[in-house]
Amino acid sequence: MAFRGSTASAERRYRTVAIIIVMLGVSMSAIDTTAVVLALPVMIEDLHTSVLSVVWVLMSYLLVITVLGTQVGRLGDMFGRVRMYNVGFALFTIGSLFCGASVTDGQLIAFRVLQGVGGALISSNSGAIVADTFSLRERGRAFGITGLGWSIGAVLGILVGGAFVTFLSWRYIFFINLPIGIFATLAGHYFLEERSPRKKEVIDVGGIVVLGTSLLLILIFLMEITGSGWSSASGIGIGLGVAALIGFIAWERRARGPFLDLSLFRDRIFRSSSFAAFFQSLANYAVIFLVIMYLQGPRGMSPWDASLLLIPGFVLGGLIAPFSGRLSDRKGARIIASLGLALQAAGILVYSTLSMGSSVTLVVLGSVLNGAGTSSFFPANTSAVMANAPPQAYGISAGLLRTMSNLGMVSSFAVALFFASLAIPRDLAFEIFLGTGSGVSGELAQAYIDGMHTALMVSILLLMAALVLSLLRGREARTMQGPDPGGSR
């Protein structure tokens, strides 16, 4: 739909509408993420399944998004970013409907895979749509606004998800996506404009299969070790997964239209920013789960009360994100993103001091530091990547950045569980982590806290790796002259 009026005013209106629609996609994903975590223990009981099975309600979604990330971004370059974004909304909405109607754990996991396909289309094309719509000097602010959408969604996921799980049913955490998804799909269809040239691309099916196999093997057997301890079969399985990962890298060097466009990594800023995103997600994604389960388990809080303690961090993060994005437009991403990583490390360090008798004020403090750090890092880091990506490859670049982050996210959960479980009796490890045990007290509670501390210290080390990469990325130019494909038309 064309926006009437003078060119400048019509462009301003279009940008406002575009950023709102992108925010809806980000918010819906955030609502789904936080609400599903709250609902896991209830799902186990209602679906008469095991903890090992229900963990894959989270893992399957992340795995699909990770494996498809760059490829669906490539579909956007081929067939239109707006078109693929809208298809993603539709698939995510349909998947949500069937997730809420699932009667077995197998059905729920299968429809989470469908949700993941839609989520991959949304996340991989949303960054490219922002880059197509906003000028180079405005993208940091735009990505900061989308970061606000994530924080709003995360808070709503905690509040609305907690209310649904407590007073209605876990199924409504999926049904709530229906009105949002329908509205966003229609709005995207009628109001978003295709602003990118079409280009021929090749989908790397072989890369998808090899990477998916590698990650699946590693995650399955990491979970097996966490729940049952080390075995020769688990070792062989992880070895095969690592071998497949090495094979994936070798494949990518020769593939036509590779899964990973390794040429993008020749750019120092792109390379450092992408790997910083990977280590940040690997370090930080599972922290919220560790802390929530500490509150639910050893501290005996309800999921609702435990989650409320984390809301201040999301609220502050939502307020900070637009300003950190705007500041990165003016000063570049290096300092802003690096400061964000340092704040996240400080927040996790606060969490690592938690004990049976700690004041809940420490949880709020850790949440505030972590939320401020996350909302400083993501807009600035994303802006740096998109500012240094070739205009004809915005979709691939955005998808690759998202894939690097998702690789960290999908691995973070398994790594955190692994280290947290080292000090926990194997037969109770998952039950304690998800708050489904009959009781967590005494020596068992202290064992969980010790395991949590170990996992948190590993997270801090990973954040330090991200911080080094962020500082070494160099300063990117933000005052380019001449035509800007993301500017006004």
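Residues numbered from 1 in each chain as written. Predicted model: local features only at pLDDT ≥ 70, side-chain atom pairs only at ≥ 80, totals over all residues. Heavy atoms only, no water.

1. Thoughts on helix H10 (residues 268–284)
In this model, H10 (17 residues) spans 24 Å end to end at C-alpha, consistent with the 24 Å of a helix rising 1.5 Å per residue. Along H10, 13 of the 17 residues are buried, which leaves the element largely enclosed by surrounding structure. (Helix = DSSP H or I, 4+ residues; strand = E, 2+ residues; numbered from the N terminus. Expected span 1.5 Å × (residues − 1). Buried < 20%, exposed > 50% of the residue type's maximum accessible area, 1.4 Å probe, protein only.)

2. Remarks on the pattern of salt bridges
Enumeration according to the criterion identifies one salt bridge in this entry. Among the salt bridges present, the one from aspartate 46 reaches arginine 171, with a minimum N-O distance of 3.6 Å. Residue aspartate 46 is found in helix H1 (residues 7–46), and its partner arginine 171 is found in the loop between helix H5 (139–167) and helix H6 (172–175); the two are separated by 125 residues along the sequence. Aspartate 46 gets classed as partly exposed once you look at its relative accessible area, which sits at 38%. (Salt bridge = Lys/Arg side-chain N within 4 Å of Asp/Glu carboxyl O.)

3. Considerations on the environment of isoleucine 238
As for its position among the elements, isoleucine 238 is in helix H9 (residues 232–254). On the basis of relative accessible area, isoleucine 238 is assigned to the buried category, the value being 17%. Residues isoleucine 238 and isoleucine 220 lie 18 residues apart in sequence; the distance between their C-alpha atoms is 8.5 Å. Setting aside residues no more than four positions away along its own chain, isoleucine 238 makes contact with Ile218, Phe221, Leu222 and Ile225. (Contact = heavy atoms within 4.5 Å.)

4. Examining the nonpolar core
Most often, soluble globular proteins have nonpolar side chains that are buried together. Counting residues in hydrophobic clusters, the biggest one holds 123 residues, and the most contacted among them are Met43 and Ile173. The element best represented in this core is H1, accounting for 15 residues. Beyond its immediate stretch of four places on either side in the chain, isoleucine 173 contacts Asp32, Ala35, Val36, Ala39, Met43, Gly161, Phe164 and Val165. (Core = buried A, V, L, I, M, F, W, Y, C linked by side-chain atoms within 4.5 Å.)

5. What to know about a nonpolar patch on the surface
Taken together, the side chains of Ile94, Leu97 and Phe98 present a nonpolar region at the surface, about 250 Å² in accessible area. Residue placement: phenylalanine 98 occurs in helix H3 (residues 81–100). Of the residues examined, phenylalanine 98 reaches a relative accessible area of 37% and is grouped as partly exposed. (Patch = residues over 30% accessible without salt bridge, like charges linked within 9 Å, V, L, I, M, F, W, Y side chains within 5 Å. Areas by Shrake-Rupley, 256 points an atom, 1.4 Å probe, with all protein chains shown as cover.)

6. A look at the packing of H3 against helix H4 (residues 105–133)
Running from amino to carboxyl end, H3 crosses H4 at an angle of 155 degrees, the nearest separation of the two axes being 7 Å. When the axes of H3 and H4 are compared, the pair comes out roughly antiparallel. Between H3 and H4 the crossing geometry is left-handed. For the contact of H3 with H4, the residue count by class is 18 nonpolar, eight polar and three charged. (Axes fitted to C-alpha atoms, helices over the stretch in contact; angles between N-to-C directions. Parallel < 35°, antiparallel > 145°, perpendicular 65-115°, else oblique. Left-handed = near helix turned anticlockwise from the far one by under 90°. Nonpolar A, V, L, I, M, F, W, Y, C, P; charged D, E, K, R; others polar.)

7. Structural notes on the packing of aromatic side chains
Each aromatic ring pair is specified by the distance between its two centres and by the angle formed by the two planes. According to the stated counting rule, one finds seven aromatic pairs in the structure shown. A centroid spacing of 5.8 Å and a plane angle of 45 degrees characterise the contact between phenylalanine 164 and tyrosine 172, whose relative ring orientation is tilted. Residue phenylalanine 164 is classed as buried on the basis of its relative accessible area of 18%. Exposure remark for tyrosine 172: the relative accessible area of 38% places this residue in the partly exposed category. (Phe/Tyr/Trp six-rings, centres within 6.5 Å; stacked < 30°, edge-to-face > 60°.)

8. Digging into the environment of serine 123
Along the chain, the position of serine 123 falls in helix H4. Linking serine 123 and valine 26, residues 97 residues apart in sequence, is a C-alpha distance of 7.6 Å. Ignoring sequence-local partners within four residues, the contact set of serine 123 consists of Ile65 and Arg402.

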